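Structure at a glance
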Amino acid sequence: MKRVLSGMRPTGKLHLGHWVGALQNWVELQEKYESFFVIVDWHALTTDYENPSQIRENIVEIAADWMAAGIDPERSTVFLQSLVKQHAELHLLLSMITPLGWLLRVPTYKEQMRQLSDRDLHTYGFLGYPVLQTADIIIYKAELVPVGEDQKYHIELAREIVRRFNHLYGEVFPEPKEILTPVPKILGTDGRKMSKSYGNAIFMDDPPDVLRRKIFPMMTDTRRKRRSDPGKPEDCPVWTLHRAFTPEEKRRELYQGCTTASIGCLDCKRVLVEELTLRFAAFREKKESLMRKKEEIKEILVEGSRRAARVAEQTLEEVREVMGIGIKV
Ligand code: TRP
Ligand code: SF4
């Protein structure tokens, strides 16, 4: 059975973009493949090393988000990167064979540095981010990696590192391949890409009153200045959410209503609030109950990490052998 691996950085609780872009897909994949889902706290440190105080809380919250969304820790291995030290060892070994030029050329490297200009990212760890990510994947010999479009280059780099490794030491690793889910972009409440750092995110566990507070004042198609002005849903951030969450039939009605000005934007937004409330009611309930049992969540991560470490250690034994590291007893 092929293995799937994916991960998220513990930078905060999950929003609708995470659900549509990743989590929904993971929940399906775990039915078909042996799956590993990792919370990558070391990766969080590459950008948040000056202010790591939130990382621990976020780990528990993200684990709760995953499980409430349907990731089943009995079926999939759900674990914490920093509890599986083998990732660090493989990262170090891979760093020996990874040319600097490959890392300097990663488009996200310079882009992130520009975007997070309030932090000093001229560090060794930040440059090595994709090497650590490669270790995360190939230590389980995972062949499938469900990720967003923005991670494509990282997986490509992982393949290049694998090819170089296999060429130097023999065929140890399969080449991983990304699974890109074609998802329509979900826009945030201000019309930009939904992102926690923009402060425009709708979280998976937002209760109805918060949904109303966020969605009612949302930007809409600028053509609809007055109630009687027809609009074009394609140019409306609210519509990106309807597209992802409202059933087709109801959506057709709304489309009609918008383009003929027979409904107002507030009517349209009320439907969205209803749909999101309905869709995430069970999630919210489950998450709430999980968050009352934080110790259990931690226990699940510890147990998952033990399971992961057993697989990872087997791979590393092979790696040490072919690289000629250590003493054979
Ligand atoms: N870089 C990924 C992101 O920011 C997180 C990540 C770390 C990851 N290791 C991984 C994703 C391994 C997939 C596989 O989203
Ligand atoms: Fe957007 Fe709905 Fe208003 Fe049309 S009616 S502009 S889709 S909020």
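Refer to the structure presented above.
Here goes a summary of the coordinates provided. Residue positions within a chain follow its written sequence, with the count starting from 1. For naming, the first written chain is A and the first written ligand is 1, with later ones following in the order written. It should be noted that, the model being predicted, local features are given only for residues of pLDDT at least 70 and side-chain atom pairs only at 80 or more, the latter also being counted only at that level, while totals for whole chains, interfaces and linings use all residues. Side-chain measures here rest on the full set of heavy atoms in the structure, leaving out hydrogens and waters.

The next point concerns the site of ligand 1. Proximity is defined per residue: any heavy atom of the residue falling within 4 Å of a molecule or strand makes that residue near it. The local shell around ligand 1 holds 13 residues, among which Arg-9, Tyr-129, Gln-133, Asp-136 and Gln-151 are the closest. Within the side chain of Gln-133, a nitrogen or oxygen atom sits 3.0 Å from a nitrogen atom of ligand 1. Between N or O atoms, a polar contact is any pair within 3.5 Å; within protein, one atom must be a potential hydrogen donor and the other a potential acceptor, and residues adjacent in sequence are included only when both atoms are from side chains. Within the side chain of Gln-151, one N or O atom sits 2.9 Å away from a nitrogen atom of ligand 1. For every accessible area listed, the method is Shrake-Rupley and the probe measures 1.4 Å; residues are considered covered only by the protein chains on display. Here ligand 1 loses 91% of its free accessible area of 370 Å² to cover by the protein chains. Side-chain classes follow a simple rule in which Ala, Val, Leu, Ile, Met, Phe, Trp, Tyr, Cys and Pro form the nonpolar group, Asp, Glu, Lys and Arg form the charged group, and the remainder, Gly included, forms the polar group. When the residues that make up the shell around ligand 1 are grouped by side-chain class, the tally is 6 nonpolar, 5 polar and 2 charged.

Now for the pattern of salt bridges. Definition used for salt bridges: Asp or Glu carboxyl oxygen within 4 Å of a side-chain nitrogen of Lys or Arg. Applying the stated criterion to the full structure yields 25 salt bridges. Here Glu-31 and Arg-75 are joined by a salt bridge, their closest N and O atoms 3.4 Å apart. Of the two residues, Glu-31 is situated in helix H1 (residues 16-32) and Arg-75 in the loop between helix H3 (55-69) and strand E3 (77-80); the sequence distance between them amounts to 44 residues. Across the pair Glu-321 and Lys-328 runs a salt bridge whose closest N-O atoms are separated by 3.4 Å. Any residue under 20% of the maximum accessible area for its type is buried, any over 50% is exposed, and the rest in between are partly exposed; the area is computed with a 1.4 Å probe on protein chains only. For Glu-321, a relative accessible area of 46% translates into the label partly exposed. Per the convention used, a helix needs a DSSP run of H or I reaching at least four residues, while a strand needs a run of E reaching at least two, with both numbered from the N terminus.

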